Amino acid sequence: MSGRSAPSDDDVASATVEILPQYRGFKAVYYNPVIQVFFLGFVCFMGPGLFNALNGLGGGGMLNPTTSANANSTLYATFAVAAFFAGSINNVLGSKLTLLLGTTGYALYIGSYLAYNLHPNAGAFVLAAGAYLGVSAGLLWTAQGSLMLAYPTENQKGMFIAIFWSIFNLGGVVGSAVSFGNNFDNTVLSNVTYICFLILTGIGVLIPLLMANPAKMIRSDGTRVVTPRHPSWRSEFYGLWVTLTTDPWIVLLFPMFFASNWFYTWQFNDYNAAVFTIRARALNNLIYWLSQIVGSVSIGFLLDQRNLSRRFRAFSGWVVLLVMVFAVHTWAFFYQKGYTRESIMAAPRIDIHDSSYPSHLWLYIFCGLLDSMWQTTAYWFMGAMSNDPAKLANFSGFYKSLQSAGAAGIWRADAVKLPYMNMFLSTWILLVAGLIFALPMIHMRVRDTTEEADETL
């Protein structure tokens, strides 16, 4: 520990790291960390953002959501395995190539939905595309997490996460707007919607080629981004174990990671798809992803308040999540009591002109706010533990692996038609458990500055 009293983040950086001159002219723009995070956001805008727009309709816009639920279960099962080692793969291949490989699965997956709409016997193709997407998504999200957390200075991390999350969620907004416009008078998603999504995800594959080499990046405070090391494959896989042994507090975030995609199944399939007509589902989806932008910017603003200590910000973020979890799920509980899988078969769906629609939409808006706040805060917690990209890549790998393992289980539970109330209560309980386990990690591990010992494996 330093003998100084309460050093600032800038003091620590200047004392231990060489300060480099900033680029000039075009390079000053191209190598600007904010610009590169914009590029990163648009990669995810075109891939997972549009995937979210499709998935958020419930059942991928299909009349029978079972095929989509099984495909999602397969997707997240392979995602869980791929993401566990994706941090090591990212360190060897580099973030640009890892991102490029990661984008390819989204175009294939959306293409499989189009094929299924044209040929109802193509269910096996949808499952295979889901399995491939799980592998490619594991690569994409790990590379994304490493870069997004490595580019900013310590006091910019909340802002950078918010910028990325806002652009990423615009993919859901734009995709939802397209589906709403194309399906205003339809009862099932049209082929035109799938074709539009397929073209956009194809464009997204090319964006990583335009991004800068992270080794040439300079942060806004003049420090160089620490590039991942490239040891042997054996050493890289061993690095996952070393990360756990040298920073065991990350284990207390595992329940928070596990819960972080669990709620999508109830929100998308068991609320949006179960209760609303297709055009109401499309409009809900549009407003849901807009609310995510508001949520990520709001929590990011709180987490980056430099006049507050980082520990205070961490505890404040935790309290905001706790209040949101109980507010959203207490509200949703009263709606969920009113329908079951059996009762909705004969019940009329809520449409945008119905008097009960606004209150049900407001619940969905708060679901979107909670989702973005949860994801943003989880990334911020990881960023508060280290600035080293190699370590952050492993953190991100653990995050996406456990997140996907949980999602694989809950999507399969939905495919075998577990009662809606069971699905809902499991969501509520897991979110609360994730926060309870995270609290001691915040108390013991989040410091007002990142120590040098925390920087490397």
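About the cut-offs
Residues numbered from 1 in each chain as written. Predicted model: local features only at pLDDT ≥ 70, side-chain atom pairs only at ≥ 80, totals over all residues. Heavy atoms only, no water. Helix = DSSP H or I, 4+ residues; strand = E, 2+ residues; numbered from the N terminus. Buried < 20%, exposed > 50% of the residue type's maximum accessible area, 1.4 Å probe, protein only. Contact = heavy atoms within 4.5 Å. Areas by Shrake-Rupley, 256 points an atom, 1.4 Å probe, with all protein chains shown as cover. Salt bridge = Lys/Arg side-chain N within 4 Å of Asp/Glu carboxyl O. 1 Å grid on protein atoms, 1.4 Å probe; cavity = no way out; pocket = protein on both sides within 12 Å on 5 of 7 lines; lining within 4 Å. Points joined across faces, edges and corners; volume = space filled by probe spheres on them. Nonpolar A, V, L, I, M, F, W, Y, C, P; charged D, E, K, R; others polar. Core = buried A, V, L, I, M, F, W, Y, C linked by side-chain atoms within 4.5 Å. Axes fitted to C-alpha atoms, helices over the stretch in contact; angles between N-to-C directions. Parallel < 35°, antiparallel > 145°, perpendicular 65-115°, else oblique. Phe/Tyr/Trp six-rings, centres within 6.5 Å; stacked < 30°, edge-to-face > 60°. Left-handed = near helix turned anticlockwise from the far one by under 90°. Patch = residues over 30% accessible without salt bridge, like charges linked within 9 Å, V, L, I, M, F, W, Y side chains within 5 Å. Expected span 1.5 Å × (residues − 1). Bend = angle between axes of the 7 residues up to and from the residue. Polar contact = N/O pair within 3.5 Å; in protein donor to acceptor, adjacent residues only side chain to side chain.

## Examining the overall build of the chain
Of regular secondary structure, the chain possesses 16 helices and zero strands. When each of the 457 residues of the chain is scored for burial, the buried share is 59%. Considering only contacts in the chain between residues 6 or more positions apart, those separated by 24 or more positions represent 86%. As displayed, the chain has an accessible area near 17,200 Å², and 69% of this comes from carbon and sulfur atoms.

## Digging into the side chain of Asn-72
As for its position among the elements, Asn-72 is in helix α4 (residues 66-93). Exposure remark for Asn-72: the relative accessible area of 0% places this residue in the buried category. With residues up to four places along the chain from it excluded, the contact list for Asn-72 reads Phe-51, Asn-55, Tyr-109 and Trp-411.

## A closer look at the pattern of salt bridges
Following the criterion strictly, the structure yields three salt bridges and no others. A salt bridge links Asp-414 to Arg-341; the shortest N-O distance between them is 2.6 Å. Note that Asp-414 is positioned in helix α15 (residues 389-415) and Arg-341 in the loop between α13 (310-336) and α14 (357-385), a separation of 73 residues in sequence. Considered together, Asp-414 and Arg-341 belong to a single accessibility category, that of buried residues.

## Comments concerning empty space enclosed by the protein
For the structure shown, the criterion picks out two cavities of 30 Å³ or more. As for the largest cavity, its lining consists of 20 residues, of which Asn-52, Tyr-76, Trp-141, Asn-261 and Lys-400 are closest to the centre. Of all the secondary structure elements, the ones that give two or more residues to the lining of the largest cavity are α3 (33-55), α4, α6 (123-150), α7 (157-182), α14 and α15. Here the residues of the lining of the largest cavity sort into 15 nonpolar, four polar and one charged. Size it by volume and the second largest cavity reaches roughly 30 Å³. Together, Phe-263, Trp-266, Gln-267, Val-328, His-329, Cys-367, Phe-424 and Thr-427 line the second largest cavity. For the lining of the second largest cavity, the secondary structure elements donating two or more residues are α11 (262-275), α13 and α16 (420-445). With three residues, α11 is the largest single contributor of residues to the lining of the second largest cavity. For the lining of the second largest cavity, a count of residues per class yields five nonpolar, three polar and no charged.

## Looking at the nonpolar core
Among the nonpolar cores identified, the biggest contains 128 residues, and Trp-141, Phe-164, Leu-253, Tyr-271 and Tyr-379 are the most heavily contacted of them. Sorting elements by how many residues they give to this core places α14 first, with 17 residues. Apart from residues lying up to four places away in sequence, Phe-164 is in contact with Val-37, Leu-40, Gly-41, Cys-44, Trp-141, Gln-144 and Met-148.

## What about the packing of α13 against α16?
Packed helix pairs are specified by the crossing angle of their axes together with the interaxial distance, meaning the distance between the axes. As a packed pair, α13 and α16 sit with axes 11 Å apart at the nearest point and diverge in direction by 170 degrees. Judged on the interaxial angle alone, α16 and α13 are roughly antiparallel. Along the lines of polarity and charge, the residues of the contact of α13 with α16 split into 19 nonpolar, five polar and one charged.

## Details of the environment of Ala-347
Position of Ala-347 among the secondary structure elements: in the loop between α13 and α14. For the pair Ala-347 and Ala-274, spaced 73 residues apart in sequence, the C-alpha to C-alpha distance is 9.9 Å.

## Here's the deal with the packing of aromatic side chains
Within the structure shown, the criterion is met by 34 aromatic pairs. Judged by centre distance (5.6 Å) and plane angle (55 degrees), the rings of Phe-51 and Tyr-109 are tilted. Here Phe-51 is found in helix α3, whereas its partner Tyr-109 is found in helix α5 (residues 95-118), with 58 residues between them in sequence. Per residue, the accessibility class of Phe-51 equals that of Tyr-109, and both read buried.

## Comments concerning unusual backbone geometry
The residue Lys-417 is not glycine, and still its phi comes out positive at about 65 degrees. Within the secondary structure layout, Lys-417 lies in the loop between α15 and α16. Of the residues examined, Lys-417 reaches a relative accessible area of 48% and is grouped as partly exposed.

## Re the packing of α5 against helix α8 (residues 191-204)
Where α5 meets α8, the axes come as close as 8 Å, and the angle between the chain directions of the two elements is 165 degrees. Relative to α8, the element α5 is oriented roughly antiparallel. In the crossing of α5 with α8, the sense of the turn from one axis to the other is left-handed. Between α5 and α8, the residues in contact are Thr-103, Tyr-106, Ala-107, Ile-110, Gly-111, Tyr-113, Leu-114, Asn-117 and Leu-118 and Asn-191, Tyr-194, Ile-195, Phe-197, Leu-198, Thr-201, Gly-202 and Gly-204, respectively. Classifying every residue of the contact of α5 with α8 by side-chain character gives ten nonpolar, seven polar and no charged.

## Here we look at a nonpolar patch on the surface
A cluster of nonpolar side chains, namely Leu-93, Leu-97 and Leu-101, defines an oily patch on the protein surface of about 220 Å² accessible area. What makes Leu-93 partly exposed here is its relative accessible area of 34%.

## A few points about α3
Count 3.6 residues to each turn of an α-helix, and residues three or four apart come out pointing the same way. Between its first and last C-alpha atoms α3 spans 31 Å; for 23 residues at 1.5 Å apiece the expected length is 33 Å, and the two agree. Along α3, the sharpest change in direction is near 45 degrees and occurs at Phe-45; proline Pro-48 comes one to four residues later. For α3, the tally of buried residues reaches 18 of 23 residues, placing the bulk of the element in the interior. Where α3 begins, the side chain of Asn-32 points an oxygen toward the backbone nitrogen of Val-34, at a separation of 2.8 Å.

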